[in-house]
Amino acid sequence: MSRPLYPFGYTFSPPSPDARLLGVKLTLPQLQSNPQPLVMVTAYDYPAGRQAQAAGVDVVLVGDSLGNVVLGYDSTAPVTLGDMLHHARAVRRGAPATFMVVDMPFGSYHMGLEMAQKSAVALVQEGGADAVKLEGASPEILEVMRVLSRNGIPVVAHLGLTPQTEIALGGLKVQGRDEASAKLILDQAQAVQDAGAFMVVLEVIPARLARLITDRLHIPTIGIGAGPHCKGQVLVYHDLLGLSDTPKKIAKRYAELGQQSVSALQSYTQEVRSGTFPSKENSFIIKDDVLDKLY
Ligand code: KIV
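Treat the numbers as computed from the prediction; the structure is a model and nothing was measured.

Q: Summarise the overall build of the protein; cite the residues concerned and give the values.
A: In terms of helices and strands, the protein carries 13 helices and 8 strands. Projecting the C-alpha coordinates of the protein onto the three principal axes gives extents of approximately 80 × 45 × 40 Å. For the protein, the proportion of contacts with a sequence separation of at least 24, taken over those separated by at least 6, is 57%. Within the protein, the 28 negative side-chain charges are centred at a point lying 4 Å from the centre of the 26 positive side-chain charges.

Okay, here's the thing in structure tokens:
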């Protein structure tokens, strides 16, 4: 089957008619110069991709947080490149006209430049990613960012609370509160920009530090738990829709779909047990003369 070729050589199914109605995907320069705050949300499957696109978000992020929120792990470390590809393809099918960033999972860019390049190419070519996201700013990671961005793979950086290295950070807690760690994050932000990142996610850092970084950089900052001064915001789909178990300070819940799902499932259970479902309206008919022949 022949499929259209997109920039950077990756292929994916053509946009569905309803996607075209919503317009075309923002380009990287458009994202960088967007006058309005940028809106990013995570998505891990086809329906979430469709919903994000229908809501008109600027960017979907296939985050490795899928390890926690949809695969039930207690950290992002077990998530594999195969997992990311599987979920990215589903989101891409649901959101063909939305800029899609895909997380490089733990281990896929920590074992040499060649492996990092292969992982990123796979995410673009097989997963349909428009950009890849990497956590941290060690010299090795900066080198990966340089090589990928020079070779036409757009890179999003991720600083502050970086869940892949949660153990080294001493747990999932606010980063950059004291002078040394605030200075480190500020320097890292400059370094990832210099290494070619076109956008940087700032996770769980003080709002005024995020503001300083946003003012210093020319690439957009996207905050999660980083206050209102970033160029854009990202939230985890399950947190904002009330599908995750614990409400988080960093996430506003815009709905309580988890509770609604449980109560819908309870109603279904109760109706099946009481014989109320399926009713006549949910059933198909067969003509008497056809049925008579079977008796
Ligand atoms: O994996 C993820 O969902 C993320 C966001 C929290 C930014 O990296």
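Q: Quick rundown of the site of the ligand? Include the residues and the values.
A: The ligand sits among Thr42, Leu61, Gly63, Asp64, Ser65, Asp103, Lys133, His158, Val201, Glu203, Ile224 and Val234. Between the ligand and Asp103, the relevant distance is 3.0 Å, taken from an oxygen atom to a side-chain nitrogen or oxygen of the residue. Notes on the ligand: free accessible area 260 Å², of which the protein chains cover 96%.

Q: Let's hear about the pairing of strand E1 (residues 38-42): which residues, and what values?
A: Of all 5 residues that make up E1, 4 are buried, and the element is covered over most of its length. Judged from the 4 bridges that link them, E1 and strand E8 (residues 232-235) form a sheet pairing that is parallel. In the sheet register, Val39 faces E8, and the bridge partner there is Gln233. With 3 bridges joining them, E1 and strand E2 (residues 59-62) adopt parallel strand pairing. Bridged to Val41 within E2 is Val60. For the crossover from E1 across helix H3 (residues 46-55) to E2, the handedness is right-handed.

Q: Quick one: what's the story with the domain arrangement of the protein, residue by residue and with numbers?
A: For the protein, the assigned domains are domain 1 (17-255) and domain 2 (259-294). Inter-centroid distance (C-alpha atoms) of domain 1 to domain 2 is 44 Å.

Q: Can you break down the packing of aromatic side chains residue by residue, with the values?
A: Describing an aromatic ring pair means giving the distance of the ring centres and the angle of the ring planes. Going through the model one piece at a time under the given rule, you end up with 2 aromatic pairs. For the ring pair Tyr268 and Phe277, a centre distance of 6.1 Å and an interplane angle of 70 degrees mean the geometry is edge-to-face. Phe277 gets classed as partly exposed once you look at its relative accessible area, which sits at 34%.

Q: Report on the packing of helix H9 (residues 179-194) against helix H10 (residues 207-216), specifying residues and quantitative values.
A: A pair of packed helices is characterised by two quantities: the angle between their axes and the separation of those axes. Taken N-terminus to C-terminus, the directions of H9 and H10 make an angle of 25 degrees; their axes are 10 Å apart at the nearest point. Between H9 and H10, the angle is such that the two are roughly parallel. Between H9 and H10 lies a crossing of right-handed hand. Mapping the contact onto sequence places Ala182, Ile185, Leu186 and Ala189 in H9 and Leu209, Leu212, Ile213 and Arg216 in H10. Residues of the contact of H9 with H10, tallied by class, amount to 7 nonpolar, no polar and 1 charged.

Q: How would you summarise H3 if you had to cite specific residues and measurements?
A: Looking at H3, one finds that the buried residues are Ala48, Gly49, Ala52 and Gln53. For H3, the angular spread of the buried residues around the axis is 130 degrees, confining them to a single face. Exposed residues lying more than 90 degrees from the buried face of H3 are Ala54 and Ala55. A side-chain oxygen of the first residue of H3 lies 3.0 Å from the backbone nitrogen of Ala48; this N-cap is Asp45. Just beyond H3, the residue with positive phi is Gly56, at close to 80 degrees.

Q: Explain the sheet that holds strand E6 (residues 199-203) to me, and be specific about the residues and the numbers.
A: Ordered in space as E1-E2-E3-E4-E5-E6-E7-E8, the 8 strands form a closed barrel in which the pairing is parallel. Across the sheet, the axes of successive neighbouring strands diverge by a mean angle of 25 degrees, strand direction being ignored. The sheet strands contacting helix H5 (residues 81-94) are E2 and strand E3 (99-103), and the helix crosses E3 at an angle near 170 degrees. Docked against the sheet, helix H7 (residues 139-150) engages strand E4 (131-135) and strand E5 (155-160), running at close to 170 degrees with respect to E4.

Conventions we followed
- Residues numbered from 1 in each chain as written.
- Predicted model: local features only at pLDDT ≥ 70, side-chain atom pairs only at ≥ 80, totals over all residues.
- Heavy atoms only, no water.
- Helix = DSSP H or I, 4+ residues; strand = E, 2+ residues; numbered from the N terminus.
- Contact = heavy atoms within 4.5 Å.
- Lys, Arg positive; Asp, Glu negative; His and termini not counted.
- Charge placed at Lys NZ, Arg CZ, Asp CG, Glu CD.
- Near = heavy atom within 4 Å.
- Polar contact = N/O pair within 3.5 Å; in protein donor to acceptor, adjacent residues only side chain to side chain.
- Areas by Shrake-Rupley, 256 points an atom, 1.4 Å probe, with all protein chains shown as cover.
- Buried < 20%, exposed > 50% of the residue type's maximum accessible area, 1.4 Å probe, protein only.
- Pairing = 2+ DSSP bridges.
- Right-handed = clockwise from strand over helix to strand, strands pointing away.
- Domains from an automatic or database assignment.
- Phe/Tyr/Trp six-rings, centres within 6.5 Å; stacked < 30°, edge-to-face > 60°.
- Axes fitted to C-alpha atoms, helices over the stretch in contact; angles between N-to-C directions.
- Parallel < 35°, antiparallel > 145°, perpendicular 65-115°, else oblique.
- Left-handed = near helix turned anticlockwise from the far one by under 90°.
- Nonpolar A, V, L, I, M, F, W, Y, C, P; charged D, E, K, R; others polar.
- Arc of directions from axis to C-beta.

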